[in-house]
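These are the residues of each chain, in order.
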Amino acid sequence: MIWRRLLYLIRRNKLDRELVEEMTAHREMMNEPKQFGSVARLREESSDVWGWRWLDEIRQDLRHGFRVFKRSPSFTLTAITVLALGIGLNLGFFQLLNAALLQPLRIRNPETLVRLRQMAQGFDSSGVAFPVTQFVKENNSVLSSVITSQTERTGWGEDASEIDANFVSSNYFEELGGLPLLGRVFHEGEDDRSGAAPVVVLSYQFWQSRMGANPGVIGSRARVNGRVATIIGVTESSFHGPRNNRAHVWVPVEQTELFYPGSRFRSDWKSTGVDMYGRLKPGVTVSAAQDAIRSVMASLVDRLPEGIRKDPWLAATSGAAHFRPPRENREISAIIVLISSLCLIVLVVTCANLSSLMVAHANARAREFQMRAALGAGRLRVLRQFVTECALLVSAGLVVGWFVGYGAARWIAVETDAPLAISLMPDWRLAVAALSGACVALLTVGLIPAWRSISTQQLTINRSPRTGFQRVLIGVQVMGSCVLLLVAAAMTRKLQSMSETDLGFEINKIAVMEVALERYGMESDAAANYWRALRESVNANQAAQGVALSVFAPLGRGSSSSVYADSPGLTVTDMTVDADFFKLLRIPLLTGRTFESSDTRETAIIVSRSLAERMYGSLEVLGKNFPKSGEGQRATIIGITEDAKLMRITATNGAESYRPLTPSDLSGARLLAKVENLNVLRTAAHAVNPAILPSLRWMHGDLEDKLQAPRLARTAAGFVGLLALSLTSIGIFGLIAYTVSLKTREIGIRMALGAQSQSVLWLLLRGLAWPVAIGAGVGALVVFFGLAKPLAGDPLYADPSDPMTVVVSLAVLVAAGMIAGCVPAVRALRIDPSRALRED
Amino acid sequence: MPRDTGVPTGTLVMMVMQVLRHGPLHGYAIAQRIHTLSNDELRVEEGSLYPALQKLLLDGWVHGTWTTSDSGRKVREYKLTAAGRKQLDARLSEYDRMSSAVRAVLKGAS
């Protein structure tokens, strides 16, 4: 039956012809052909039997729709553009969100893989010490394997150009499912005897960009940190390890000493710089594994360094959640809420805009609808016609929007230098998002105006000027624009305040030099000698104006922070620096003194102003113990400095504590220097020890890196805000122009009777006052009460209720609305009364 | 379905099938047969035959073949299929049951 029906659909034309032929013959055979009835009607009834009438009607509607659009190309183009932008932006953001957060990690069985972080009372580090990883590996019963990974800046080739080398356990590729494109990857138990041949695996991207994609490199030799190693393989382009890392090359951690002779890295219990992962045994849950490892850690306490002896444990996070700890998940969801509400607002604004456009369009077509109704078209049929037209528009908007979204996502991914592992390939989630966006658009843009215009058009013969619905739509658009502008303004303001002076320390011409001394096995005395020689060499140069040592470089990648019970909500950046640090970076000392050579970590600490105020409630803290309440040995506060945003530049809840650099810190320290150019440091380092390859950079570059993401967010928000603002302006312009056209006659009469131009302007614009006022008010409320929290939190720290922000945004909004409304209104004032009166 | 045929709904289809039971006929002939058999009582709008025939074709109860009529015209001859025959029998018995029931009620009520 269904098949026959389909067959009828395919052969409809032929069947129809046959039917007509048959009926004509019948009619001719009859004596009284009139008795036959209408051939046309009977033919239609017959084809009704075939059951394809709805298809014909849709086809008619579509054809009619196309004709309507062809007749008003500017309307069509505007509508499609508006829709494409609204849907496109949503799709673009969703695509990024999807790629970065929702799609499963592209490694083997991420759900049974856990990341382990070093925790202890008052201690939280993303990494673990290498001996700890090995101890846990040997002594636990819940992990089937332990994987480690640590990235180092190192030299490549004869010219020792800087690259990132990832030192990984040799089971790394096997466990994570990384396959070789060429050659082989590491396998369990790479040769680690001294005198063994060092091996290196290249990442696909490195092989492409640096080796010219030459397949002949396998088996050839290359210099890594000056040592000769054999290139044994190239990984597949899609492999980026568990955390989208961008290592250029991989080296087995078992061969560390072959690349850094004398390295004590593998026996150093102090540094917590290793990323540790574990594969859960079948049936073991994440929390069970965490508990089991906790008891293993308890037997380690004696060997751990001072800071993490109190209740050390390893926090496990699952690969199913991208290894994000719960806190990070909460932060991310705040950002997601923020971005998706902004996107949704854009969609609402575009839909409201288009909706008013449709209403205007429908008003212009009132005559057509009345005609159709008069010819017997049912309400539903007219409604369906309308919806079909909208569906056409929405599909076109969806197709264009898809490309707009892809373009936007691409642009953002490139601008943010997003991890290569991010895949922007569309998947089912994106399809669902696209369809739901389209449905929202169809409902608001198509059905509501259609229903309205039909239910009013059929009743009112004389078209009374009703603009209530359009005013509501204007209100909605103003609301959306207000939200977006406020957010964009808050972000801009935040960026402005992140200028150099506001960081609280000097970065101009400050260079950072990193040398992995512990990698060369240079500790305490050797390291102290190296630094002393280097300092002398640098200071001897005219082009240098000061040198300091610090364990972490401000604005750099590594950092350490603590949260104290005495100052909850305050994240304290822990710095370990020498006395010259403050002078070099011009961090003012408020009271007290800086470090002297007799100071140790246990005896002396310098705190920043915020920390003193939050923990003790005053600046009178010299000589007090730090932290206020704490067990064991407590340091004495010897000085207070002004706040400086050394690490978390956007944060508003930060403070700093400085401890003196001691001999044991020297092997992991960085050198900071104010110099004219980086060569000053390079030559100095070469003069001291040519075998040690330093990595050099400007601190300014680090600041730029940190500003990149907020800048991009500001640009995106600003762009979206302007987009919404221009849409709203267009909407207001359209509404006033329409009002003018409705009231031409009235304006003519008033002006003929001597009305002032102000009163005529007011007549036209007064309808706008309420929608704009209410829209802006609701928008501001949405921002203050709905979005203030995600905006103020990590990582944006933007304050939308800042008076300057509010004033500027509202001024821009009102000014744009005024201009958009006044242009057509002022034009109306130039109407010649005599002509206006003669008009229909 | 035909609007104003003066024939109870559904019966037209039944009559057409019944007429075709005795051999294939073309449209005009079917109309003639119904005319004659009903003693000119059923004044059917003849064209309304065609929607009914289309329904029968779609349901597969009749089969149409193009031939040349006695007068030399190209006409479509309709033939009852086996499924159609079965359908007709079912409908006739159903119709008989219904109409005798109706008749019984009408008689009893008078």
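Note that the structure is a prediction, hence the values are computed from the model and not measured.

### Structural notes on the overall build of chain B
So, point 1. Across its full length, chain B carries 4 helices and 3 strands.
So, point 2. Put simply, chain B runs from its N terminus to its C terminus through helices and strands in the order α-β-α-α-β-β-α.
So, point 3. The burial tally for chain B puts 43% of its 110 residues in the buried class.
So, point 4. Summarising the internal contacts of chain B: among those between residues at least 6 apart in sequence, 48% fall at separations of at least 24.
So, point 5. As presented, chain B carries roughly 6300 Å² of accessible surface, and 55% of it is formed by carbon and sulfur atoms.

### Comments concerning the overall build of chain A
So, point 1. Scanning chain A from N- to C-terminus turns up 24 helices and 22 strands.
So, point 2. Out of the 840 residues in chain A, the part that is buried amounts to 50%.
So, point 3. Contacts spanning at least 24 positions in sequence make up 80% of the contacts within chain A whose residues lie at least 6 apart.
So, point 4. Surface summary for chain A: the accessible area is close to 38600 Å², and the carbon and sulfur share equals 58%.

### Some thoughts on unusual backbone geometry
Residues and elements named next belong to chain A.
So, point 1. Omega for the peptide link from Phe-626 to Pro-627 comes to -10°, which places this bond in the cis form.
So, point 2. The backbone of Lys-509 sits at a positive phi, close to 60°, despite the residue not being glycine.
So, point 3. Inspection of the secondary structure puts Lys-509 in the loop between α16 (500-503) and β12 (510-514).
So, point 4. Located in the positive-phi region is Leu-555, a residue other than glycine, with phi close to 70°.
So, point 5. Tracing the sequence through the fold places Leu-555 in the loop between β13 (544-550) and β14 (561-562).
So, point 6. For Leu-555, a relative accessible area of 2% gives the class buried.

### Some words on the confidence of the model for chain B
Residues and elements named next belong to chain B.
So, point 1. Looking at chain B, pLDDT values average 82 and 87% of them are 70 or higher.
So, point 2. Across chain B, element-level confidence peaks in helix α4 (residues 82-109) with a mean pLDDT of 89 and bottoms out in helix α2 (residues 27-37) with 85.
So, point 3. Counting interchain partners and residues more than four positions distant, the pLDDT-below-50 stretch residues 1-5 has 9 contacts.
So, point 4. In the model output, the complex is listed with pTM 0.68 alongside ipTM 0.83.

### Concerning the side chain of Asp-578 of chain A
So, point 1. In this fold, Asp-578 of chain A is placed in the loop between β15 (571-577) and α18 (580-584).
So, point 2. Those residues in contact with Asp-578 of chain A, other than ones at most four positions away along the chain, are Arg-535, Ala-548, Leu-549, Phe-595 and Leu-661 of chain A.

### Focus on the packing of aromatic side chains
So, point 1. Considering all chains together, one arrives at 19 aromatic pairs over all chains under this definition.
So, point 2. Consider the rings of Phe-130 of chain A and Phe-265 of chain A, whose centres lie 5.5 Å apart with planes at 35°: the pair is tilted. Of this pair, Phe-130 of chain A sits in helix α6 (residues 130-139) while Phe-265 of chain A sits in the loop between α9 (256-259) and β10 (275-280), and the two are 135 residues apart along the sequence. In this structure, Phe-130 of chain A and Phe-265 of chain A share a single accessibility class: buried.
So, point 3. Each ring, one from Tyr-172 of chain A and one from Phe-173 of chain A, has its centre 5.4 Å from the other, and the planes form 90°; the classification is edge-to-face. Each member of the pair Tyr-172 of chain A and Phe-173 of chain A is classed as buried.
So, point 4. In textbook terms, an aromatic cluster arises when at least three aromatic residues are bridged by ring pairs, as seen for Tyr-172, Phe-173, Phe-186, Phe-239 and Trp-250 of chain A.
So, point 5. It is Lys-74 of chain B that lies over the ring of Trp-66 of chain B; its NZ or CZ is 5.3 Å from the centre.

### Regarding the side chain of Thr-571 of chain A
Residue and element names in this part refer to chain A.
So, point 1. Examined against the element boundaries, Thr-571 turns out to sit in strand β15.
So, point 2. Thr-571 gets classed as buried once you look at its relative accessible area, which sits at 15%.
So, point 3. Non-local contacts of Thr-571, meaning those with residues more than four positions away in its chain, are made with Ser-561, Ser-562, Val-563, Arg-648, Asn-653, Gly-654 and Ala-655.

### Here's the deal with the interface of chain B and chain A
So, point 1. Every contact between the two is made by 28 residues of chain B and, on the other side, 23 residues of chain A.
So, point 2. Here chain B meets chain A over a buried area of about 2400 Å², counting both sides, of which 56% is carbon and sulfur.
So, point 3. Contact with chain A buries area across many residues of chain B, yet Tyr-28, Tyr-50 and Leu-58 of chain B alone supply 29% of it, more than any other trio.
So, point 4. One can count 4 salt bridges joining chain B with chain A.
So, point 5. Here Glu-28 of chain A makes a salt bridge to Arg-73 of chain B, at a shortest N to O gap of 2.8 Å.
So, point 6. At the junction of chain B and chain A, the tally comes to 6 residue pairs in polar contact (both at pLDDT 80 or more).
So, point 7. For the side of chain B that touches chain A, the elements supplying multiple residues, two or more each, are α2, α3 (49-59) and β3 (74-80) of chain B.
So, point 8. Tallying contributions element by element places α3 of chain B first for the side of chain B that touches chain A, with 8 residues.

### A few points about the sheet that holds β3 of chain B
All names here are of chain B.
So, point 1. Reading across the sheet, the 3 strands line up as β1-β3-β2 and stay open at both edges, with antiparallel pairing between neighbours. Sheet topology places β1 (25-26) and β2 (62-68) at the edges, where each strand pairs with a single neighbour.
So, point 2. With respect to the sheet, α3 is in contact with β2 and β3, its orientation differing from that of β2 by roughly 115°.

### Section: a positive patch on the surface
Residue and element names in this part refer to chain A.
So, point 1. On the surface, Arg-59, Arg-63, Arg-67, Lys-70 and Arg-71 cluster together into a patch of positive charge.
So, point 2. Tracing the backbone through its elements, the reader meets Arg-67 in helix α4 (residues 53-71).
So, point 3. Using a relative accessible area of 47% as the deciding quantity, one classes Arg-67 as partly exposed.

What counts as what
Residues numbered from 1 in each chain as written. Chains lettered and ligands numbered in written order. Predicted model: local features only at pLDDT ≥ 70, side-chain atom pairs only at ≥ 80, totals over all residues. Heavy atoms only, no water. Helix = DSSP H or I, 4+ residues; strand = E, 2+ residues; numbered from the N terminus. Buried < 20%, exposed > 50% of the residue type's maximum accessible area, 1.4 Å probe, protein only. Contact = heavy atoms within 4.5 Å. Areas by Shrake-Rupley, 256 points an atom, 1.4 Å probe, with all protein chains shown as cover. pLDDT = per-residue confidence, 0-100. Phe/Tyr/Trp six-rings, centres within 6.5 Å; stacked < 30°, edge-to-face > 60°. Lys NZ or Arg CZ within 6 Å of the ring centre and 35° of its normal. Buried area = accessible area lost by both parts, 1.4 Å probe. Salt bridge = Lys/Arg side-chain N within 4 Å of Asp/Glu carboxyl O. Polar contact = N/O pair within 3.5 Å; in protein donor to acceptor, adjacent residues only side chain to side chain. Pairing = 2+ DSSP bridges. Axes fitted to C-alpha atoms, helices over the stretch in contact; angles between N-to-C directions. Patch = residues over 30% accessible without salt bridge, like charges linked within 9 Å, V, L, I, M, F, W, Y side chains within 5 Å. Lys, Arg positive; Asp, Glu negative; His and termini not counted. Charge placed at Lys NZ, Arg CZ, Asp CG, Glu CD.

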